[in-house]
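If you want the building blocks of each chain, they are given just below.
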Amino acid sequence: MRIGELAARTDVSVRSLRYYEEQGLLTSSRSASGQRHYTDAEVERVRFIQRLYAAGLSSRTIAELLPCVDAPSEANSDAALERMAQERNRLSEHIDELVRTRAALDRVMATARAHRESEALAHSVRAHRGSGEGTSAPRVLES
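Only a predicted model underlies this, so the values are computations on that prediction, with no experimental measurement involved.

A. Examining the overall build of the protein chain more closely. Scanning the protein chain from N- to C-terminus turns up five helices and two strands. In the protein chain, the succession of α and β elements from N to C terminus is α-α-β-β-α-α-α. Computed over its C-alpha atoms, the radius of gyration of the protein chain comes to 32 Å, more than 25% above the 15 Å expected for a compact globule of 143 residues. In terms of overall dimensions, the protein chain has a C-alpha envelope of 110 × 40 × 20 Å along the principal axes. Across the 143 residues that make up the protein chain, the buried fraction comes to 20%. Summarising the internal contacts of the protein chain: among those between residues at least 6 apart in sequence, 47% fall at separations of at least 24.

Structure, rendered in structure tokens:
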């Protein structure tokens, strides 16, 4: 099948498929005119690559995992599991940092809200005093 059909069957753009080839994630044969041709096996491979991307893995990391698919062995499987564990740890650290960042933003927002409320209260008090309300004795005008 040609690249357009592979794109349609996998719901992946032609541009992405070319990128996968550039990164060594996907291979094709070439016709005499230079057009890419793929087999049905590449449909599942592209879907697998998409699942790995969805799991937060980079193309470099995906390339490191593909020997487990291309040449299954205990050693390749162990290496892939170790690499995925490293990526999981990296993601966990990133999540922890995002939680800390969110907490810092929450503190800034709480400070801003408190400041806004205190300013609104101060404005209300100033407005109240300026209206003449709250004075105990009436003013007498002298002539």
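B. Broad picture of helix α1 (residues 3–10). Among all positions of α1, only Ile3, Leu6, Ala7 and Thr10 are buried. In a view along the axis of α1, the buried residues occupy a sector of 100 degrees, so they form one face of it.

C. Spotlight on the packing of helix α3 (residues 41–54) against helix α4 (residues 59–70). Axis separation between α3 and α4 bottoms out at 11 Å; the angle between their running directions is 135 degrees. Here α4 runs oblique to α3, going by the angle between their axes. Every pair of crossing elements has a handedness; the one defined by α3 and α4 is right-handed. Side by side, α3 and α4 meet where Arg45, Phe48, Ile49, Leu52 and Tyr53 of the first sit next to Ser59, Ile62, Leu65, Leu66, Val69 and Asp70 of the second. Of the residues belonging to the contact of α3 with α4, the class tally is eight nonpolar, one polar and two charged.

D. Main features of a nonpolar patch on the surface. Residues Leu105, Val108 and Met109 make up a contiguous nonpolar surface patch of roughly 270 Å² in combined accessible area. Within the secondary structure, Val108 is located in helix α5 (residues 74–130).

Definitions and cut-offs
- Residues numbered from 1 in each chain as written.
- Predicted model: local features only at pLDDT ≥ 70, side-chain atom pairs only at ≥ 80, totals over all residues.
- Heavy atoms only, no water.
- Helix = DSSP H or I, 4+ residues; strand = E, 2+ residues; numbered from the N terminus.
- Rg over C-alpha atoms; globule rule 2.2 N^0.38 Å.
- Buried < 20%, exposed > 50% of the residue type's maximum accessible area, 1.4 Å probe, protein only.
- Contact = heavy atoms within 4.5 Å.
- Arc of directions from axis to C-beta.
- Axes fitted to C-alpha atoms, helices over the stretch in contact; angles between N-to-C directions.
- Parallel < 35°, antiparallel > 145°, perpendicular 65-115°, else oblique.
- Left-handed = near helix turned anticlockwise from the far one by under 90°.
- Nonpolar A, V, L, I, M, F, W, Y, C, P; charged D, E, K, R; others polar.
- Patch = residues over 30% accessible without salt bridge, like charges linked within 9 Å, V, L, I, M, F, W, Y side chains within 5 Å.
- Areas by Shrake-Rupley, 256 points an atom, 1.4 Å probe, with all protein chains shown as cover.
- Salt bridge = Lys/Arg side-chain N within 4 Å of Asp/Glu carboxyl O.

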